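# Tertiary structure, described
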Amino acid sequence: MMTDRLAILAGSGKLPQIIQSANPDCAAISFAGVSHELQEPVHLHRFEQFGALFDDLRNQGVTRIVMAGALQRPQFDTSALDRFTAGILPNLTAAMMQGDDHLLRFLIAMIQEQGFRVQGAHEVVDGLTVPPGSICGIMSEVDQNNLARADMILESLAALDIGQAVVIEGGQALGIETLQGTEFMLDMVAKTSSKLRAKTGGVLVKRPKPSQDLRADMPAIGPDTVDQVADAGLSGIVISPRKVMLIDKDVIIARALARGIFIYAQDPSC
């Protein structure tokens, strides 16, 4: 009898738990040393043994895979490699040296070559993304000008595979997301001297890069993002419609309204 079972390859954060709640019959998979919030039973695997992972997925009747949650780049113990992983390790190592987009494309191709279909979290959970328009609050003309500047910068950086977000205030770049992530960037913005800040508020703009595979790496914001934006003295958040996830959307909206932060879903202006 044919099955069509979903498996979560889970990292840390709340998204894997949301996917599991929406797909209670899915197989739950994580990796040794990774903190996760999945409900048991969870099958734990090692990064050095992808062959064993694929065998386990087949034994559980899995045909579809969603990758969700944060994972640090692993340090491989070469003494623990299984035959499959030893065979792909040179190409995997090369992909890890070329940025997140290259690495994720390599992993997706590897999974698909094993006969599994890779899906994005937004394909297995309803309501994670939003259509164009105001989610809450009002964006001013100043905010629109900051947004236009942000999109120019993000477009220029896209080919460099650097980050997904930028903060613009008074037409100036206050922060550009790098490997440390959006949380780190917003923390640095909050610590920026008032002498360097405009008095008109600023905007966090978060979008996927043009080459980004949204099945494995769709940008996201959550309630903590709203708090950080407010704490940094910014006016609001702009995201790409249908291409950025809202984790706990109702909580995000309630918190944004309480703290006077606008949130818009709007396509790039450049």
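Look up: the structure comes first, before these words.
Residues numbered from 1 in each chain as written. Predicted model: local features only at pLDDT ≥ 70, side-chain atom pairs only at ≥ 80, totals over all residues. Heavy atoms only, no water.

### A look at the overall build of the protein chain
Across its full length, the protein chain carries nine helices and 13 strands. C-alpha atoms of the protein chain, sized along the principal axes, occupy 60 × 35 × 30 Å. Counting only residues that meet the buried cut, the protein chain has 50% of its 270 residues in that class. Counting every atom, the protein chain has about 13,300 Å² of accessible surface; 52% of that belongs to carbon and sulfur. Side-chain charges of the protein chain comprise 23 positive and 31 negative groups, with the mean position of each set lying 3 Å from the other. (Helix = DSSP H or I, 4+ residues; strand = E, 2+ residues; numbered from the N terminus. Buried < 20%, exposed > 50% of the residue type's maximum accessible area, 1.4 Å probe, protein only. Areas by Shrake-Rupley, 256 points an atom, 1.4 Å probe, with all protein chains shown as cover. Lys, Arg positive; Asp, Glu negative; His and termini not counted. Charge placed at Lys NZ, Arg CZ, Asp CG, Glu CD.)

### Quick word on the packing of aromatic side chains
For the coordinates displayed, the defined rule picks out five aromatic pairs. Judged by centre distance (6.4 Å) and plane angle (25°), the ring pair of F50 and F54 falls under stacked. Taken together, the residues span about one helical turn, with F50 and F54 both in helix 2 (residues 50–59) at a distance of four residues. Across the pair, exposure class does not vary: F50 and F54 are buried alike. Ring geometry for F54 and F84: centres 5.5 Å apart, planes at 80°, overall edge-to-face. Of this pair, F54 sits in helix 2 while F84 is found in helix 3 (residues 83–96), placing the two residues 30 residues apart along the sequence. Clustering of aromatic rings is evident, with ring pairs tying together F50, F54, F84 and F116. (Phe/Tyr/Trp six-rings, centres within 6.5 Å; stacked < 30°, edge-to-face > 60°.)

### Things to note about the packing of helix 2 against helix 3
It is the contact of helix 2 with helix 3, at a shortest axis distance of 7 Å, that shows an interaxial angle of 120°. Judged by residue contacts, F50, G51 and F54 of helix 2 engage F84, T85, I88 and L92 from helix 3. Residue composition of the contact of helix 2 with helix 3, grouped by class: five nonpolar, two polar and no charged. (Axes fitted to C-alpha atoms, helices over the stretch in contact; angles between N-to-C directions. Contact = heavy atoms within 4.5 Å. Nonpolar A, V, L, I, M, F, W, Y, C, P; charged D, E, K, R; others polar.)

### Concerning the layout of surface pockets
Volume-wise, the second largest pocket comes out at about 350 Å³. Its residues placed into classes, the lining of the second largest pocket shows nine nonpolar, three polar and six charged. (1 Å grid on protein atoms, 1.4 Å probe; cavity = no way out; pocket = protein on both sides within 12 Å on 5 of 7 lines; lining within 4 Å. Points joined across faces, edges and corners; volume = space filled by probe spheres on them.)

### Some thoughts on the packing of helix 7 (residues 182–190) against helix 8 (residues 223–231)
Packing of helix 7 against helix 8 leaves a shortest axis separation of 9 Å and a crossing angle of 20°. Between helix 7 and helix 8, the interaxial angle falls into the category roughly parallel. In the packing of helix 7 onto helix 8, the handedness of the crossing is left-handed. Where helix 7 approaches helix 8, its residues E183, L186, D187 and A190 are matched on the opposing element by T225, Q228, V229 and D231. Residue classes in the contact of helix 7 with helix 8 are distributed as three nonpolar, two polar and three charged. (Parallel < 35°, antiparallel > 145°, perpendicular 65-115°, else oblique. Left-handed = near helix turned anticlockwise from the far one by under 90°.)

### Some thoughts on the nonpolar core
Ranked by internal contacts, the top residues of the largest apolar core, which has 28 residues, are L57, I65, M67 and I111. At the level of secondary structure, the elements contributing two or more residues to this core comprise strand 1 (5–10), strand 2 (27–31), helix 2, strand 4 (62–68), helix 3 and helix 4 (100–113). Ignoring sequence-local partners within four residues, the contact set of L57 consists of A7, I29, V62, I65 and F116. M185, V226, I237 and A265 belong to the second largest nonpolar core, which has 24 residues in total. (Core = buried A, V, L, I, M, F, W, Y, C linked by side-chain atoms within 4.5 Å.)

### Quick word on the sheet that holds strand 1
Taken in spatial order, the five strands make up an open sheet running 3-2-1-4-5, and their pairing is parallel. With one partner strand each, in any of the chains shown, strand 3 (43–45) and strand 5 (117–119) form the two edges of the open sheet. Between one strand axis and the next, the sheet turns by 30° as a mean value, whatever way the strands run. In terms of strand pairing, strand 2 meets strand 3 through three bridges, oriented parallel. Pairing of F31 across the sheet is with H45, part of strand 3. (Pairing = 2+ DSSP bridges.)

### A word on the environment of D25
Structurally, the position occupied by D25 is in the loop between helix 1 (15–22) and strand 2. Separated by 141 residues in sequence, D25 and V166 place their C-alpha atoms 38 Å apart.

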